[in-house]
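Chain and residue survey
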Amino acid sequence: AQTVTQSQPEMSVQEAETVTLSCTYDTSESDYYLFWYKQPPSRQMILVIRQEAYKQQNATENRFSVNFQKAAKSFSLKISDSQLGDAAMYFCAYRSAFGGATNKLIFGTGTLLAVQP
Amino acid sequence: EPEVTQTPSHQVTQMGQEVILRCVPISNHLYFYWYRQILGQKVEFLVSFYNNEISEKSEIFDDQFSVERPDGSNFTLKIRSTKLEDSAMYFCASRDIAGTYNEQFFGPGTRLTVL
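Residues numbered from 1 in each chain as written. Chains lettered and ligands numbered in written order. Predicted model: local features only at pLDDT ≥ 70, side-chain atom pairs only at ≥ 80, totals over all residues. Heavy atoms only, no water.

**Focus: the sheet that holds strand β3 (residues 19-24) of chain B**
Residue and element names in this part refer to chain B.
- Strand order across the open sheet formed by 4 strands is β1-β3-β8-β7, with antiparallel pairing between neighbours. Two strands close off the open sheet at either side, each with one partner strand: β1 (5-7) and β7 (65-68). Adjacent strand axes in the sheet meet at a mean angle of 20°, parallel and antiparallel pairs treated alike.
- Of the strand pairs in this sheet, β3 and strand β8 (residues 75-79) are connected by 5 bridges, and their pairing is antiparallel. Among the inter-strand pairings, R22 is bridged to a residue of β8, identified as T76. (Pairing = 2+ DSSP bridges. Helix = DSSP H or I, 4+ residues; strand = E, 2+ residues; numbered from the N terminus. Axes fitted to C-alpha atoms, helices over the stretch in contact; angles between N-to-C directions.)

**Things to note about the packing of aromatic side chains**
- Tallied over the full model, the rule gives 21 aromatic pairs over all chains.
- An angle of 45° between the planes, with centres 6.5 Å apart, marks the rings of Y33 of chain A and F35 of chain A as tilted.
- A relative accessible area of 1% means that F35 of chain A is categorised as buried.
- Both rings, one in Y37 of chain A and one in F107 of chain A, keep their centres 5.8 Å apart while their planes meet at 55°; by these two values the pair is tilted. Note that Y37 of chain A is positioned in strand β5 (residues 32-39) and F107 of chain A in strand β11 (residues 106-107), a separation of 70 residues in sequence.
- Assessed through its relative accessible area of 2%, F107 of chain A is described here as buried.
- Every member of this aromatic cluster is reached through a ring pair, and the members are Y33, F35, Y37, F91 and F107 of chain A together with Y33, Y35, F45, F91 and F106 of chain B. (Phe/Tyr/Trp six-rings, centres within 6.5 Å; stacked < 30°, edge-to-face > 60°. Buried < 20%, exposed > 50% of the residue type's maximum accessible area, 1.4 Å probe, protein only.)

**Quick notes on the layout of surface pockets**
- If you add up the space inside the largest pocket, you get close to 330 Å³.
- As for the largest pocket, its lining consists of 16 residues, and the residues nearest its centre are K104 and I106 of chain A together with E44, F45 and E59 of chain B.
- Taken together, the elements giving at least two residues each to the lining of the largest pocket come down to β1 (3-5) and β11 of chain A together with β5 (43-50) of chain B.
- Taken as a whole, the second largest pocket encloses approximately 230 Å³ of empty space.
- Lining the second largest pocket we find 15 residues, and of these Q44 of chain A together with P2, E3, F105 and F106 of chain B sit closest to its centre.
- Secondary structure elements with two or more residues in the lining of the second largest pocket: β6 (46-52) of chain A together with β10 (105-106) of chain B.
- Taken together, the residues of the lining of the second largest pocket sort by class into 10 nonpolar, 2 polar and 3 charged. (1 Å grid on protein atoms, 1.4 Å probe; cavity = no way out; pocket = protein on both sides within 12 Å on 5 of 7 lines; lining within 4 Å. Points joined across faces, edges and corners; volume = space filled by probe spheres on them. Nonpolar A, V, L, I, M, F, W, Y, C, P; charged D, E, K, R; others polar.)

**Here we look at the interface of chain B and chain A**
- Taken together, the 25 residues of chain B in the interface contact 24 residues of chain A.
- Regarding the contact of chain B and chain A, the summed buried area is about 2200 Å², with carbon and sulfur atoms giving 51% of it.
- Where chain B meets chain A, there are 2 salt bridges.
- Among the ionic pairs, K104 of chain A bridges to E56 of chain B, the shortest N-O distance being 2.7 Å.
- Run the count over chain B and chain A and you get 10 residue pairs in polar contact (both at pLDDT 80 or more).
- Elements with a minimum of two residues in the side of chain B that touches chain A: β4 (31-37), β5, β6 (53-57) and β9 (88-95) of chain B.
- Looking at side-chain class alone, the side of chain B that touches chain A contains 12 nonpolar, 8 polar and 5 charged residues. (Contact = heavy atoms within 4.5 Å. Buried area = accessible area lost by both parts, 1.4 Å probe. Salt bridge = Lys/Arg side-chain N within 4 Å of Asp/Glu carboxyl O. Polar contact = N/O pair within 3.5 Å; in protein donor to acceptor, adjacent residues only side chain to side chain.)

**Here's the deal with the state of the cysteines**
Residue and element names in this part refer to chain A.
- Enumeration according to the criterion identifies 2 disulfides over all chains in this entry.
- Between the sulfur atoms of C23 and its disulfide partner C92 the distance amounts to 2.0 Å. For the disulfide bridge between C23 and C92, the dihedral angle about the S-S bond is near -70°, and by the sign convention the bridge is left-handed. Placement of the pair is C23 in the loop between β3 (19-21) and β4 (24-26) and C92 in strand β10 (residues 88-96), with a sequence separation of 69 residues.
- A relative accessible area of 2% places C23 in the buried class.
- Taking relative accessible area as the criterion, C92 reaches 0% and is therefore assigned buried. (Disulfide = S-S within 2.5 Å.)

Structure (structure tokens):
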């Protein structure tokens, strides 16, 4: 079974600085998708960025980028120029590329990011 | 932009009572999901639904749970006899059949409190 591990329960960053959130996963599958979701205090789940395993190029979305290391099964999220609005719980998630109708998301335990003004 | 909606936003119920959580997925989506998040814990998969039947369910989704798509727009999660440990945030999600990432779009969640 696939697992997702986030080893940092909490992180803190100064406004305008850069922070990296770690995520590792375990799978025997060759193709899959990886996601970072943001959950602000409202608890809405917001997709931040996504990566497909067969793509070597790291995904980037404005101030958010990932460092995807397939061999190491690592998928870290880098937030540049941190803003107060980035403060939230961040979840790393895995989804198989197989499985058809199921394609459930498997989440890590989350990292609570605080942004200091 | 189309979005997944959920009602109610907060439901308070007595232990042993039945609750129905409602979701309206994005209109052209064909796959539907329920996830649960107990306060302070990770989001956990409950069930997936496609073509009017359950395609996968987790060990959490026991006989007390059921899902239904009663019409062309709603997708419901029923808990027949709620327990204290059912208190959680329940998220509905849906996705389209097409698209590279087959992204799941989440609703805002329903907070269920069982007293």
